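Read off the chains here:
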Amino acid sequence: MTTPLPSQPRAASPRAGRGLQAGRTRVALLLLVPMLLVLAAVAGYPLLRTIYLSFTEYNILTDPAPKWIGLGNYWFTTEDGVGLGVLQIPEWWQSVWNTVKFTVGSVLLETVLGLAFALMINSKIRGRGLLRTAILVPWAIPTVVSAQMWNWMYNDSFGIISDWGQRLGFLEAGQSFLSNPDTALAALIAVDVWKTTPFMALLLLAGLQTIPSDMYEAADVDGASKWTQFWRLTLPLLTPALLVALIFRTLDALRVFDMPYIVKGNAPETITMSIYARQELILNSQFGFGSAISVLIFLIIMVFTAIYVTSLRVKFD
Amino acid sequence: MNSKNPVVRTVTLVFFWLVVAVVLFYVLFPFYWAIKTSLTSSARLSAEALQWFPGAPSFQNFRDVFTGAPFGRNLLNSVVVATGTVVLSLLLSVLAAYALGKFRFRGKTILMYLILAVSVFPQIAVLSGLYTMIKTFGLYNSWGGLILSYMIFTLPFTVWTLTAFVREIPTELEEAAYVDGASPLQTLFRVLLPVMTPALVTTGLLAFINAWNEFLFALTFTTDASAATVPPAIANFTGASQYESPFGLTMAASVIVTIPLIILVLVFQRNIVSGLTAGAVKG
């Protein structure tokens, strides 16, 4: 959620005096140097290092130095025909598939629910101020905390949700939605939806508030029903805000690590791409192989970002 | 809702309040449940886990949380790391935002693209590179290592938001300072900074929340329980003995770190909403 939202910068004031601008490039560069140095140290260098390591075999605990093996971490078949590259390993594809399901499920539900919340808060019903304040609560709760809260509610024997599920006949005694591999991912999506819908609602609410109210008055005069007004007026005008929110949430969901990791650890039915990468890097000390997974995740995210920047025609200046 | 029929009006009204009540329940219940659990002592937890109200509210868990694990130390680590992150990233980004918002030079657009690109970097993509770097410089298990690594997600955000704000400040202010013979740094700190206070509060607060909540780096770059920040500590909570369910303690710890955050968010809710949505709607 730290991702800056695009499109706010506008052209600098044309009134800026020419005399003031002369010879200022050097000053500007000096002002930028500290920030650029830090970014190079924490983003640029580590990224290059990760890419380099992905072409090497390097167990950080036993190997003295990385050994260059080219594309071996990505694709390598032994003489016996066993595929050892990331792209040949079912566990990687399992994590990709889990992440895709998690992303599609959570982003769709968050959008629909967030839109409903936003419409409620934007309507003239009483208590909308209360609603707006209340939906900030899940957003304010740290992800780790919300993961543990839901973990407790999902607990097999003492969890309130398991109790409801067992009473309603969805679960057998002593079972929970988390312990069942078929429902575990859906249970995690529910946690993410609870936590992130408020963020979606706030973004969409800001979009709704830019729609001038006289448009609705005109529609009323023309006799359009509220339903027609929503589909013909609200939704088309909300599309830009909706797209931005959707894409930012998608990027967040594709990177997800903390909540599924805290609730389910490295369990195969819920392992995400990021969890798989960390498992190979840190738990198995495979810095070469793990870096290859990291690079793949990076490429996926960058492709998405490129599509987004071009399709929305983000302008900077 | 504009119907003149009083029955229809009443039904609609009741329906709407029902929906509001359902939404409020959905949004608030999990946190209520955490508070309720935290007030149930571990001895009574298995018997009272499913009761809607604590049978005998006790603060035992809140006391125990500070005796078993180094939770007080974790809190201190979180405060120092989050504060340090905010101070460092605001300082760096105020300088950068002045350059990006008020100066014209070639390559600015590319720079803005680059900053946007860094802001979508998946943290996992730099994990192995950062890990070896942090080991090499001896920053493992230290505040400095975490503060430095957190720059990757706070800095692009603060630079971007502050740049947008600086751009909106009238150039006359700067020109007046220039005429009076002020250097660029004097102009920035004496003239522009006071005007920027609201933007600094909003971006600082959001950066603080993100640093406070960060999990992956904190988990990976600390191994000592006493060097960890709050998120990995809460994720790894175990009971005082292996036979004790840790959930009462975990919920107490969760409530302790969440209450200040909720108060902060509610107090600054207008700033936060505007900070989150800045520019998102102009499309």
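In every chain, residue numbers begin from 1 and rise along the written sequence. All chains are assigned letters beginning with A, and all ligands numbers beginning with 1, in the order in which they are written. Where totals are concerned, whole chains, interfaces and linings use all residues; where local detail is concerned, this predicted model gives features only for residues with pLDDT of at least 70, and gives and counts side-chain atom pairs only at 80 or more. As a convention, hydrogens and water are excluded, and side-chain values are obtained from all of the structure's heavy atoms.

Caption draft 1: Spatial organisation of the overall build of chain A. Secondary structure elements follow DSSP: runs of H or I of four or more residues count as helices, runs of E of two or more count as strands, with numbering from the N terminus. Assigned secondary structure in chain A consists of 13 helices and two strands. The globule rule puts the C-alpha radius of gyration for 317 residues at 20 Å, and the 25 Å found for chain A is more than 25% above it. Expressed along its principal axes, the backbone C-alpha trace of chain A runs to roughly 75 × 75 × 35 Å. Across the 317 residues of chain A, 55% fall into the buried class. Radius of gyration: C-alpha atoms only; globule rule: 2.2 Å multiplied by the number of residues to the exponent 0.38. Buried residues are those whose accessible area, probed at 1.4 Å on protein chains only, stays under 20% of the maximum for their type, while exposed residues exceed 50% and partly exposed ones sit between those limits.

Caption draft 2: Region of interest: the overall build of chain B. When helices and strands are counted, chain B shows 13 helices and zero strands. Over its C-alpha trace chain B gives a radius of gyration of 24 Å, far above what one expects of a compact globule, namely 19 Å for 283 residues. Oriented by its inertia axes, the alpha-carbon framework of chain B measures out at about 75 × 70 × 35 Å. Put simply, chain B has 283 residues, and 53% of those count as buried. Every residue pair with non-hydrogen atoms within 4.5 Å of one another is taken to be in contact. Counting contacts in chain B only where the partners sit at least 6 residues apart, residues at least 24 apart contribute 71% of the total. Per-residue and other accessible areas were derived by the Shrake-Rupley procedure at a 1.4 Å probe size, with only the shown protein chains allowed to occlude residues. Of the roughly 12,100 Å² that chain B leaves accessible, carbon and sulfur atoms contribute 68%. Between the centroid of the 15 positive side chains of chain B and the centroid of its 10 negative side chains there is a distance of 8 Å. In this tally, Lys and Arg are treated as positive and Asp and Glu as negative; His is ignored, and so are the chain termini. Positions of charges follow a simple convention, taking NZ of Lys, CZ of Arg, CG of Asp or CD of Glu.

Caption draft 3: Quick peek at the interface of chain B and chain A. At the interface, 109 residues of chain B touch 104 residues of chain A. Summed over both partners, the interface of chain B with chain A comes to about 10,000 Å²; 76% of that surface belongs to carbon and sulfur atoms. Each polar contact in these results corresponds to two N or O atoms within 3.5 Å; when the atoms are within protein, one needs to be able to donate a hydrogen and the other to accept it, and residues that are neighboring in sequence are counted only if both atoms are side-chain atoms. One can count 14 residue pairs in polar contact (both at pLDDT 80 or more) joining chain B with chain A. Among the elements that take part in the side of chain B that touches chain A, helix α1 (residues 6-38) of chain B stands out by supplying 16 residues, more than any other. Following the grouping adopted for this structure description, the nonpolar residues are Ala, Val, Leu, Ile, Met, Phe, Trp, Tyr, Cys and Pro, the charged ones are Asp, Glu, Lys and Arg, and the polar ones are all others, Gly among them. Across the side of chain B that touches chain A, the residue classes tally to 80 nonpolar, 19 polar and 10 charged. Buried area is understood as the total, over both parts, of accessible area removed when two parts are fitted together, assessed with a 1.4 Å probe.

Caption draft 4: Geometry of the packing of helix α4 (residues 71-102) of chain B against helix α7 (residues 143-168) of chain B. Residue and element names in this part refer to chain B. Axis lines are fitted to C-alpha atoms, over the contacting stretch for helices. Their N-to-C directions set the angle, which ranges from 0 to 180 degrees. Packing of α4 against α7 brings their axes to within 6 Å, and their N-to-C directions diverge by 40 degrees. Between α4 and α7 lies a crossing whose hand is right-handed. Looking at side-chain class alone, the contact of α4 with α7 contains 20 nonpolar, nine polar and three charged residues. For any helix crossing, the convention is left-handed if the near helix is rotated counterclockwise from the far helix by under a right angle, and right-handed if that rotation is clockwise.

Caption draft 5: Fine view of the nonpolar core. A:Met35, A:Trp92, A:Met149, B:Phe71, B:Ile152 and B:Phe217 are the most contacted members of the largest nonpolar core, which totals 183 residues. Here the bounds of each domain stem from an automatic or database domain assignment. Residues from two domains meet in this core; each of domain 1 (6-61) and domain 2 (70-277) of chain B gives at least three. Setting aside its immediate chain neighbours within four residues, A:Met35 contacts B:Leu92, B:Ala96, B:Ile115, B:Leu155 and B:Val159. In this description, a nonpolar core means a group of buried Ala, Val, Leu, Ile, Met, Phe, Trp, Tyr and Cys residues linked to one another through side-chain atoms lying within 4.5 Å.

Caption draft 6: Geometry of helix α2 (residues 25-53) of chain A. Approximately 45 degrees is the largest bend angle found in α2(A), and it occurs at A:Ala40. Every buried residue belonging to α2(A) is among A:Ala28, A:Leu31, A:Leu32, A:Met35, A:Val38, A:Leu39, A:Val42, A:Ala43, A:Pro46, A:Leu47, A:Thr50 and A:Leu53, and all of these are buried. At any given residue, the bend is defined as the angle formed between two axes, one fitted to the seven residues that end at that position and one fitted to the seven that begin there.

Caption draft 7: Summary view of the pattern of salt bridges. Just to be clear on terms, a salt bridge is a Lys or Arg side-chain nitrogen sitting within 4 Å of an Asp or Glu carboxyl oxygen. For the structure on display, the rule yields eight salt bridges over all chains. A salt bridge links A:Asp252 to A:Arg255; the nearest nitrogen and oxygen atoms lie 2.9 Å apart. Given the relative accessible area of 18%, A:Asp252 is considered buried. For B:Glu48, the salt bridge goes to B:Arg44, with nearest N and O atoms at 2.8 Å. With B:Glu48 and B:Arg44 both in helix α2 (residues 42-48), this residue pair falls four residues apart, about one helical turn.

Caption draft 8: The packing of aromatic side chains, seen in detail. Pairing of aromatic side chains here covers Phe, Tyr and the six-membered ring of Trp, requires ring centres within 6.5 Å, and sorts the geometry by plane angle: under 30 degrees stacked, over 60 edge-to-face, intermediate tilted. If you walk through the whole model with that rule in mind, you get 32 aromatic pairs over all chains. Between the aromatic rings of A:Trp150 and A:Tyr154, the centroid separation amounts to 5.9 Å while the plane-to-plane angle is 50 degrees, which identifies the pairing as tilted. When sorted by exposure, A:Trp150 lands in the same class as A:Tyr154, which is buried. Through pairs of rings, three or more aromatic residues link up here, namely A:Tyr58, A:Phe287, B:Tyr131, B:Tyr140, B:Phe217 and B:Phe221. Only when the NZ atom of a Lys or the CZ atom of an Arg is both within 6 Å of the ring centre and within 35 degrees of the ring normal do we say a charge sits over the ring. In this structure, B:Lys36 is placed above the aromatic ring of B:Trp33, and the distance from its NZ or CZ to the ring centre is 4.1 Å. It is B:Lys135 that lies over the ring of B:Tyr140; its NZ or CZ is 4.4 Å from the centre.

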